[in-house]
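# Remarks on the overall topology
Spelled out, the chains give:
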Amino acid sequence: MSEEKKNLLLSLYGELDSDDHRVDSRLQREAEQLRYVKFHLDARPGVRPTPESIEAIVHRAAAADSGPAGILMETRNGGLRLVKWAVRLAATMLIAAVAWIAWPKAPDPGETGSLLATVPEMAPPASTEYEPMNATVPLAIVATTEAPVVRERHITPPAAVEASPGWDDTSELLAIQRRLEMLGAMEWDEPPVPLEQLPTRIPPGVNRGVIQARDQ
Amino acid sequence: MHPTDEELISAYVERRDERAFQSLVERHQERIFGYLLGMVRDYDVANDLFQETFFKIIAVLQKERGRYDGQGRFLQWAMRIARNGALDFLRSRKKWVDPISREGDESGFWDALPDDGPALDDRLHVRQQWDRLAMCIERLAPEQREVVLLRHEAEMTFKEIAELTGVSINTALGRMRYALLNLRRMMVSADEENAYVSVPDAVPMMRPVEQQVLR
């Protein structure tokens, strides 16, 4: 195609770079023909797809939101829902616990009025005599057997405490003190020894370990 | 002020703004759909291809902004996807000869076409001419029809058309020139004879694609 015809077409469509839009006299006829057709082509109304097509595309675009970023948003929403659910559950449990504690319990008719009376029997005063324990008895068993006694002592009426401080024996306190001193004198690499196996008296010439400030 | 294509795409990709994507679709619907309808000449098929085009666009935008490099070229990118869909459809129906495969012979083909036509007749009503013009466009050679559609429906420049179709700008201009001249001749003939199928057989553009001689 000649340069003149090329420029004619470019000029017709407004794509000619130069400002020279003069048409060669030999191409006047062709210019008219091209302009005529272009006029009718430009006058054609636009055609559009059906609204259903647009709707389907937009729907697909929305559905595609469950892609990577969509999944992220979904995860965030899911996490938020989980936190809300956990808070609700915790609040419900707290309310239930408070209600259970605060609710007045109906006492058993058989036990009514006898609780305080049985306390002295359930919690006899501890012996003030030192009883060396059998080292083969596990400490857990000892603790289990003695635990009820300790609990019952807490509910002992104050009058009983004032009346009998017999357990406050200095000899037992001294034994405990000596055991502690023996523990302080032990080395780190020594095998563990039950507390009951430790002697209550310090043999002469044994390292006393750390000496407390009041003893120095 | 209207947002640019890139702003709409960013709003959709980064903020999941579906309305932004809808605006993008509606902004370019006539260009893309007009091209597709002119190519396949079937309203339902054009609708399907239109949807497929944007489904692919959505898929690409969702995975990666990837093959769309922005820079104000969304329409060109979308038209490439639409064109591939249209050509696949036409090839499946064996109604398309790939213009690229005919590179090198176009000068002889175009030179064989007559240059001038009957005198202008201004009495045709515009409305009637739209329908007649549509029929005439359908009867153009595929590569001519495509350039007309890309220029008038998609509103692409000849440089963009050349890039999209993989030919030189001179080739694109040559196809456009002959398309316009052939259209004019068909329009005038149709008016004179009150019939739309009266174009002489000797004009290569009127032959079915399968009968065109490849040199």
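Residues numbered from 1 in each chain as written. Chains lettered and ligands numbered in written order. Predicted model: local features only at pLDDT ≥ 70, side-chain atom pairs only at ≥ 80, totals over all residues. Heavy atoms only, no water.

Helix and strand counts for chain B come out as nine helices and zero strands. When the helices and strands of chain B are placed in sequence order, the string is α-α-α-α-α-α-α-α-α. Taking all 215 residues of chain B together, 58% fall into the buried category. Considering only contacts in chain B between residues 6 or more positions apart, those separated by 24 or more positions represent 68%. Summed over all atoms, the accessible surface of chain B reaches about 9,900 Å², with 47% contributed by carbon and sulfur. (Helix = DSSP H or I, 4+ residues; strand = E, 2+ residues; numbered from the N terminus. Buried < 20%, exposed > 50% of the residue type's maximum accessible area, 1.4 Å probe, protein only. Contact = heavy atoms within 4.5 Å. Areas by Shrake-Rupley, 256 points an atom, 1.4 Å probe, with all protein chains shown as cover.)

Another point: a nonpolar patch on the surface. All names here are of chain A. A contiguous nonpolar patch, built from Leu173, Ile176, Leu180, Leu183 and Leu195 and spanning about 430 Å² of accessible area, is present on the exposed surface. Within the secondary structure, Ile176 sits in helix 8 (residues 170–185). In this structure Ile176 comes out as partly exposed when scored by relative accessible area, which is 40%. (Patch = residues over 30% accessible without salt bridge, like charges linked within 9 Å, V, L, I, M, F, W, Y side chains within 5 Å. Salt bridge = Lys/Arg side-chain N within 4 Å of Asp/Glu carboxyl O.)

So, about the interface of chain A and chain B. Accessible area lost on assembly of the parts is the figure often given for the size of an interface. Residue-level contacts link 41 residues of chain A with 50 residues of chain B. Contact between chain A and chain B buries roughly 4,200 Å² in total, counting both sides, with carbon and sulfur atoms accounting for 66%. Of all residues in chain A, Tyr36(A), Arg44(A) and Ile57(A) give up the largest surface area on contact with chain B, accounting jointly for 15% of the area buried on that side. In this assembly, chain A and chain B are joined by four salt bridges. Glu30(A) serves as the salt-bridge partner of Arg177(B), at 2.4 Å between the closest nitrogen and oxygen. For the pair chain A and chain B, the number of links is 14 residue pairs in polar contact (both at pLDDT 80 or more). Elements with a minimum of two residues in the side of chain A that touches chain B: helix 1 (3–12), helix 2 (28–43), helix 3 (51–63) and helix 4 (68–102) of chain A. (Buried area = accessible area lost by both parts, 1.4 Å probe. Polar contact = N/O pair within 3.5 Å; in protein donor to acceptor, adjacent residues only side chain to side chain.)

This part takes up the nonpolar core. By size, the foremost hydrophobic cluster in this structure holds 78 residues, and its most contacted members are Phe21(B) and Leu183(B). Those residues in contact with Phe21(B) that lie beyond four places of it in its chain are Ile57(A), Ala61(A), Tyr12(B), Phe54(B), Ile57(B), Ile58(B) and Leu61(B). (Core = buried A, V, L, I, M, F, W, Y, C linked by side-chain atoms within 4.5 Å.)

The next subject is the pattern of salt bridges. For the structure on display, the rule yields eleven salt bridges over all chains. One salt bridge connects Arg48(A) with Glu30(B), and the closest N-O pair in it is separated by 2.8 Å. One end of the pair, Arg48(A), is in the loop between helix 2 and helix 3; the other, Glu30(B), is in helix 2 (residues 18–40), on a second chain. In this structure, Arg31(B) and Glu155(B) form a salt bridge, with 2.9 Å as the shortest nitrogen-oxygen distance. Note that Arg31(B) is positioned in helix 2 and Glu155(B) in the loop between helix 7 (142–152) and helix 8 (158–165), a separation of 124 residues in sequence.

Residues and elements named next belong to chain B. The sharpest bend along helix 2 comes to roughly 55°, located at Gln29. In this structure Asp17 caps helix 2, since a side-chain oxygen of it lies 3.1 Å from the backbone nitrogen of Arg19. In the segment just after helix 2, Arg41 is the residue with positive phi, at about 60°. (Bend = angle between axes of the 7 residues up to and from the residue.)

The next thing to look at is the packing of helix 3 (residues 43–63) of chain B against helix 4 (residues 74–92) of chain B. Residue and element names in this part refer to chain B. Viewed as axis vectors pointing N to C, helix 3 and helix 4 meet at an angle of 130°, and their least axial separation amounts to 9 Å. Put simply, helix 3 runs oblique to helix 4. Pair helix 3 / helix 4 crosses with right-handed handedness. Residues Val45, Leu49, Thr53, Phe54, Lys56, Ile57, Val60 and Leu61 of helix 3 form the contact with helix 4, whose own contacting residues are Phe74, Trp77, Ala78, Ile81, Ala82, Gly85, Ala86 and Phe89. Among the residues forming the contact of helix 3 with helix 4, the class breakdown is 13 nonpolar, two polar and one charged. (Axes fitted to C-alpha atoms, helices over the stretch in contact; angles between N-to-C directions. Parallel < 35°, antiparallel > 145°, perpendicular 65-115°, else oblique. Left-handed = near helix turned anticlockwise from the far one by under 90°. Nonpolar A, V, L, I, M, F, W, Y, C, P; charged D, E, K, R; others polar.)

Taken together, the buried positions of helix 1 of chain A are occupied by Lys5(A), Lys6(A), Leu8(A), Leu9(A), Leu10(A) and Leu12(A). Positive backbone phi, approximately 70°, marks Gly14(A), located one or two places after helix 1 of chain A.

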